[in-house]
Every structure is written in structure tokens, then in C-alpha cells.
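# Fold and geometry: a report
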Amino acid sequence: MAIDATHRASFESNPARTPKNSTHPGFMKRFWNRIDGDAEQGSGPLYFVILGVSLALTVIGLVMVLSSSSVEAITQEGSSYALFLRQGTFALIGIVGMLILSRLPVAVFRKLAWGILILGIALLLLVFTPLGIEVYGNRNWIKIGTFTGQPSEAAKLALAVWGAHILAMKGALAHRTMHAIVPVVFPGGLILIGLVLAGHDLGTSIIMGLILTTVLFLGGANMKLFAVTAGLAAAGAIVLAILSGNRMNRINAWLRIDCDTNSACDQPLAGMQALASGSWFGVGLGQSRQKWKYIPEAHNDFIFSILGEELGLFGSLVIIALFGVLAIAMYRVAARANDPFVRIATGGIMAWVVGQAFVNMAMVTGLLPVIGVPLPFISYGGTALFMVLLASGVVMAFARDSHNGSVTGKQKSRSNSIASKKTTPKTHLA
């Protein structure tokens, strides 16, 4: 008996011999606890992770815009720094906006939800006025003096925030098909996406469809709804592709059909050549050969190919890793949130930013046909950069607010006012 007691005491005092079913947290639990932080640490690690990744991607994007646009800028603008300086201005304004939004409480975003939706619709309608301009067959831009902007970028944020607000108010009722559809899908979502489609921008409408699907999924919509809408969306995309010669040329280019006569093959093939010539470590920053008019939109949709050429596989993997870290951080903000609005809105923004990033990279690497969506934070485009920085600021506000446990009882009762006699809202994110 004495030997057994001594053996047991020695076993319990040695952490390395502690059984797996002990009360000590495992490695992954300790890791996530460290990432999430505690309420005494101010804003919390997730806030600073999102801030750091957003700033890092923005800086990398500015460097790559300067490198990839220098040739085109000097011929069109008279200075190789023209597009870089323009992008840098939007970056500074966007960073200030991101920091301002990151300090706002969650209740402010809910109060502004309808206003953001109305503003998004109004901006999209401006595209069809004399202020609207057409770029490469897409009427998705407005020009006021020297300012050129893309209203659909603001519509993405509006769809995520407004849709989350409505579904959080509905609570468990969102599981009913009609409550899920009205008004998030019809009329709200269809108006936003329909206006973008009316400007012939299929790529942006696909990203907005991804945001809408994610918001509905996290809001607890019935899974049968997704089966029906997926079929309708696929049929609609096929019809739109068949009716457009430009889109059919892009699909044929993706399938490598008639590339001897199809000029749509030039851009993806040049992009693949750029990635191949970059090899492991790249040809050096600023030393790209494909940016000399070989790749159309080298500083925009196909900037990832220039990055891969100049910085190689390792540089490309760094970008992928940064978006991966951003996805994990946003997921943790959503997963730990008690407020369904925070959970749903964060998921919608994550689907937009991270989803669009991987769609762009898949497009450049030939996994998807060219659909004309930029790489968030990296591609040239002041409006796109400004809005994605604001979106990061919104999630940072959620991270700080939920970290400090500032979701008030008033907010919770307001979220569940419609479903007060129902059960707990059914969502798909634990």
C-alpha cells in the first residue's frame, strides 16, 4: 500500500505523465485561449491581429502597385508614381476610417444598418446616370471630376451589415423560409445584386451572392433554401455566360479552346508565364518582364501574377498565409460572439474579403475562369481598398466590443424581440 501511494504521488506530481483526460487544457485549447485573450487585456489579441494583417497587406499592396503600374503610369499619366500616389492617398484615408470604425460600439452599426443599405442602393443607381462610366464592357463606375469610384464595393459592406441586422432581429424565425427571404433576399439582396448585374459585372455579383449566402447560412436559414437558390444561381450564371460573347470567350480561354484565335487567352497565359518565371524566389522586386504591356490590368486583377513573378513562390505563400491568418482571426471573432448580429456580420465580411481573395488567386492560377475581381488590399483601386479597410475596422470593433463583454442586455433583448416566444436562434456557427 505504501508503494502504491508513493507511486501515485509521483505520477500526479509529474505533468508529463498526466493522463489525457485530466482537467488541464490541451494544447489547442491553450492556444485559442491565448489568441482570444481575456477581458483584462483591453482590446484583445484578435483586434491587433486583424489590424496588423490589414496594415501588412495594405503596405505590400502599395509596393506591388508601384512596381506593377510604373510602366503603364509613365505612358498614360506622365509619371511612374502617379497610380501609386493615388492609391496611397486612399490607403491613408482608409486606415483613418478603419481606426475610427474600430472604436465604435456594436449598437452604432445596428442603428446605421438601414442607412447603409439606402446609401448603397443610391450609389449603385448613380451608375445609370450621366455620372456612370463603362470600363471594359462593365458599367460599374461613377466619375465626378477627377474622382472615379466603384459603388458596388460599398454595396458589399451594406449587404453584410444590413443582412446581419435583419436576421439577428428575426432570431429563430429566420429558420422559416419566408422570414429568411423577406426582406434579406427579396427585395434587399436582389436590388443590390440586380443593379450590379444590370451594369454587366458578373464577377462582383458572384462575390455579393457569396456574402448573401453566408449571411443566410449563419443566420440559421433552412438548408433547403440553399439547394433551391444554388440551382437557380447556377442556371442564371449559365444563361448570362451564353448570352455574352465576352464571357464565353473567357470560358473558352479557361478551357484552352481556340487560343490561336481567341484573344481572351492572352491575359491568363501571360499570367501563368509570370508565375512560372518567378520560380522559388522571384526575379526581384521591380524586375517583372510581364508588366511591360504583356499582361493587361497587371496592377489590378492580375497583380498576383506580378507578385509571384517578382517575389516567387515564397512571396505568394506569404500573401496566402496572411489571408489565412485574417480568416482565422475573423472566424474567432464570430465564434466567440454572444450577439448574433456580430456573428453574422463578421461571417459576411469574412466571406467577402477572404473569399474574394481566393477567387482572385484561383482566377490568376487558372483554377477558375477570369471573372474580373480584384485582390483585396493588393490590387489597384482606391474605392476597393478604402471599403475593405472599413470592413476590417468593423470587425475590429466587433473584436474589441465582444472582448470587453459590452453587449448589453438591451441589445440582446432587442435582437430577440421578434422571437421572444421562440427557442434559441438556430445558427450554423458554434
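Attention here is on the structure that accompanies the text. Keep in mind it's a predicted model, so treat the numbers as computed, not measured.

Criteria and thresholds
Residues numbered from 1 in each chain as written. Predicted model: local features only at pLDDT ≥ 70, side-chain atom pairs only at ≥ 80, totals over all residues. Heavy atoms only, no water. Helix = DSSP H or I, 4+ residues; strand = E, 2+ residues; numbered from the N terminus. Buried < 20%, exposed > 50% of the residue type's maximum accessible area, 1.4 Å probe, protein only. Contact = heavy atoms within 4.5 Å. Pairing = 2+ DSSP bridges. Core = buried A, V, L, I, M, F, W, Y, C linked by side-chain atoms within 4.5 Å. Disulfide = S-S within 2.5 Å. Expected span 1.5 Å × (residues − 1). Axes fitted to C-alpha atoms, helices over the stretch in contact; angles between N-to-C directions. Phe/Tyr/Trp six-rings, centres within 6.5 Å; stacked < 30°, edge-to-face > 60°. Left-handed = near helix turned anticlockwise from the far one by under 90°. Nonpolar A, V, L, I, M, F, W, Y, C, P; charged D, E, K, R; others polar.

A few words now on the environment of leucine 313. Tracing the backbone through its elements, the reader meets leucine 313 in helix 13 (residues 303-336). Judged by its relative accessible area of 37%, leucine 313 is partly exposed. Separated by 31 residues in sequence, leucine 313 and glycine 282 place their C-alpha atoms 7.2 Å apart. Ignoring any residue separated from it by four or fewer positions in sequence, one finds leucine 313 in contact with Ser279 and Trp280.

Sheet faces and side chains relate simply in a regular strand, where the side chains alternate between the two faces. Bridging between strand 1 (residues 132-135) and strand 2 (residues 138-144) involves three bridges; their strand directions are antiparallel. Bridge pairing in strand 2 links isoleucine 133 to tryptophan 141. Between strand 1 and strand 2, which follow one another and run antiparallel, lie two residues, and tyrosine 136 among them has a positive phi close to 55 degrees. Bridge analysis of strand 2 against strand 3 (residues 147-149) gives three bridges, and the strand direction is antiparallel. Within the sheet, the bridge partner assigned to lysine 143 lies in strand 3 and is threonine 148. What sits between strand 2 and strand 3 in their antiparallel hairpin is a turn of two residues, with glycine 145 showing a positive phi close to 65 degrees.

Time to look at the nonpolar core. With 98 residues, the main nonpolar core has Leu216, Phe323, Phe341, Ile349, Phe377 and Phe398 as its most contacted residues. Apart from the residues lying within four places of it in its own chain, the contact partners of phenylalanine 377 are Ser54, Leu57, Thr58, Gly61, Phe323, Leu326, Val353, Leu385, Val388, Leu389 and Ser392.

So, about the state of the cysteines. Tallied over the full model, the rule gives one disulfide. A disulfide bridge connects cysteine 259 with cysteine 265, and the sulfur atoms are separated by 2.2 Å. Measuring handedness by torsion sign, the sulfur bridge of cysteine 259 and cysteine 265 sits at about -75 degrees and is left-handed. Residue classification places cysteine 265 among the buried positions, given a relative accessible area of 1%.

With that out of the way, let us pick up helix 9 (residues 202-219). Count 3.6 residues to each turn of an α-helix, and residues three or four apart come out pointing the same way. The terminal C-alpha atoms of helix 9, which comprises 18 residues, lie 25 Å apart, in line with the 26 Å expected from a rise of 1.5 Å per residue. Here helix 9 lies mainly inside the structure; 13 of its 18 residues are buried. Positioned one or two residues after helix 9, glycine 220 has a phi angle of 95 degrees, which is positive.

On to the sheet that holds strand 3. The three strands are arranged 1-2-3 in an open sheet whose pairing can be described as antiparallel. One side of each edge strand has no neighbouring strand; the edge strands of this open sheet are strand 1 and strand 3. When strand polarity is set aside, the average angle formed by the axes of neighbouring strands in this sheet is 40 degrees.

Counted under the stated rule, the structure contains nine aromatic pairs. An angle of 75 degrees between the planes, with centres 5.7 Å apart, marks the rings of phenylalanine 109 and phenylalanine 398 as edge-to-face. Placement of phenylalanine 109 in helix 5 (residues 106-126) and of phenylalanine 398 in helix 15 (residues 382-403) is noted, with a sequence separation of 289 residues between them. Residue phenylalanine 398 is classed as buried on the basis of its relative accessible area, which comes to 0%. The structure contains a cluster of three or more aromatic residues connected by ring pairs, namely Phe109, Phe341 and Phe398.

Our next topic: the packing of helix 5 against helix 6 (residues 151-170). At a minimum axis distance of 8 Å, the contact between helix 5 and helix 6 shows a crossing angle of 145 degrees. The interaxial crossing formed by helix 5 with helix 6 has left-handed handedness. Within the contact between the two elements, helix 5 uses Phe109, Arg110, Ala113, Trp114, Ile116, Leu117, Leu123 and Leu124 and helix 6 uses Pro151, Ser152, Ala154, Ala155, Ala158, Val161, Trp162, His165, Ile166, Ala168 and Met169. Looking at the contact of helix 5 with helix 6 residue by residue, the classes come out as 16 nonpolar, two polar and one charged.

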